[in-house]
Amino acid sequence: MSGATNRPESAGRPSLTPPPDATAPARHPDAPAPGELLGAHYDQCFGCGEGLPHGLHLAARADEGVSVTAEFTVQPAHQGAPGLAHGGVLATALDETLGSLNWLRRAIAVTGRLESDFLRPVPVGSVLYLSARCTAVAGRKIYSSAEGRIGGPDGPVAVRAEALFIEVKLDHFTQNGRPEEIRAAMSDPDQVKVARAFEVNP
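Report on the accompanying structure. Keep in mind it's a predicted model, so treat the numbers as computed, not measured.

It is worth spelling out the overall build of the protein chain at this point. Along the protein chain, the regular secondary structure elements total four helices and six strands. Scanning the protein chain from its N terminus toward the C terminus, one meets helices and strands in the order β-β-α-β-β-β-β-α-α-α. Going through the 202 residues of the protein chain one by one, you find that 42% of them count as buried. As displayed, the protein chain offers around 10000 Å² of accessible surface, 54% of which is attributable to carbon and sulfur atoms.

So, on to the nonpolar core. Within the largest apolar cluster, 35 residues are counted, with the highest numbers of intra-cluster contacts made by Leu-58, Phe-72, Leu-98, Val-122, Leu-128 and Leu-130. Every element with two or more residues in this core is listed here: strand E1 (59–62), strand E2 (67–73), helix H1 (87–105), strand E4 (127–138), strand E5 (141–150) and strand E6 (157–167). Of all the elements, H1 adds the most residues to this core, at eight residues. Among all residues touching Leu-128, those that are not within four sequence positions of it are Ala-70, Glu-71, Phe-72, Leu-90, Val-122, Gly-148, Arg-149, Ile-150, Ala-158 and Val-159. By size, the runner-up hydrophobic cluster in this structure holds eight residues, among which are Ala-138, Tyr-143, Leu-164 and Val-168.

Positioned with a positive phi, His-57 is a non-glycine residue whose angle comes to about 50 degrees. With respect to the helices and strands, His-57 occurs in the segment before E1. In this structure, Arg-106 takes a positive phi of about 55 degrees despite not being glycine. Its place among the elements puts Arg-106 in the loop between H1 and strand E3 (109–118).

Turning next to the pairing of E1. Every second residue of E1 is oriented toward a common face, the buried set being Ala-60 and Ala-62 and the non-buried set Ala-59 and Arg-61. Examined bridge by bridge, E1 and E2 share four bridges and lie antiparallel to one another. The residue of E2 that forms the bridge with Ala-60 is Ala-70. Counting the residues that bridge the hairpin from E1 to E2 gives four residues, and of these Gly-65 lies at a positive phi of roughly 60 degrees.

The next point concerns H1. Here H1 contains 19 residues, and its C-alpha end-to-end distance of 29 Å stays within 8% of the 27 Å for a straight helix at 1.5 Å per residue. By the criterion of burial, H1 is predominantly enclosed, with 16 of the 19 residues buried. After H1 finishes, the residue Arg-106 shows a positive phi value of roughly 55 degrees.

Locating Ala-132 in the fold gives a position in strand E4. In sequence terms Ala-132 and Glu-147 are 15 residues apart; their C-alpha atoms lie 6.6 Å from each other.

Our focus in this paragraph is the side chain of Glu-147. Summarising the element assignment, Glu-147 is placed in strand E5. On the basis of relative accessibility, which here comes to 19%, the residue Glu-147 falls in the buried class. A distance of 2.9 Å separates the side chain of Glu-147 from the side chain of Arg-149, its partner in a polar contact.

The next point concerns the sheet that holds E3. The strand order E1-E2-E4-E5-E6-E3 describes an open sheet built from six strands, whose pairing is antiparallel. Every other strand in the sheet has two partners, leaving E1 and E3 as the edge strands with one partner each. Adjacent strand axes in the sheet meet at a mean angle of 20 degrees when their direction is disregarded.

Rules of the game
Residues numbered from 1 in each chain as written. Predicted model: local features only at pLDDT ≥ 70, side-chain atom pairs only at ≥ 80, totals over all residues. Heavy atoms only, no water. Helix = DSSP H or I, 4+ residues; strand = E, 2+ residues; numbered from the N terminus. Buried < 20%, exposed > 50% of the residue type's maximum accessible area, 1.4 Å probe, protein only. Areas by Shrake-Rupley, 256 points an atom, 1.4 Å probe, with all protein chains shown as cover. Core = buried A, V, L, I, M, F, W, Y, C linked by side-chain atoms within 4.5 Å. Contact = heavy atoms within 4.5 Å. Pairing = 2+ DSSP bridges. Expected span 1.5 Å × (residues − 1). Polar contact = N/O pair within 3.5 Å; in protein donor to acceptor, adjacent residues only side chain to side chain. Axes fitted to C-alpha atoms, helices over the stretch in contact; angles between N-to-C directions.

Laid out in structure tokens, this is it:
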């Protein structure tokens, strides 16, 4: 189980435990069907984009309800200790998978807090299978959890995470991102791709 605590928000860290008035997440009627590949939300994303040679190239698929599955192969460029995935890369994979949940709700959201547990080393060359689900929504706050297994969906659990995402407006990105990338993303005539480009992080 994740090391999430129920520390009060007044202590400076938002709680990962949904409040009593939180509601169950709702899948958007136009969300991709279960089993459908979600594709990259942005070509230059380190997590899922195809435009970065050393990125994770993480591939996520819609699952039932507000849940997704994903996988990526650990490459030599992803290692920290010799022959093992860097912990920060594994946290990125968890964050990317959790963030993709928001597309099933058609919400633009950013990571507010991510707490991860590293349970076993992940060797270079192995495939990490991830699953994530949205657990609750309270106003702009979106609560979710994920885990990653080595070698297959029934393999040993290597990493777990709980997260809090915050729904934001598009100006969160347009006011803070580099202007050239913002202009390039906004100029795409496909408005679905525009919406997806800004769906997650930072």
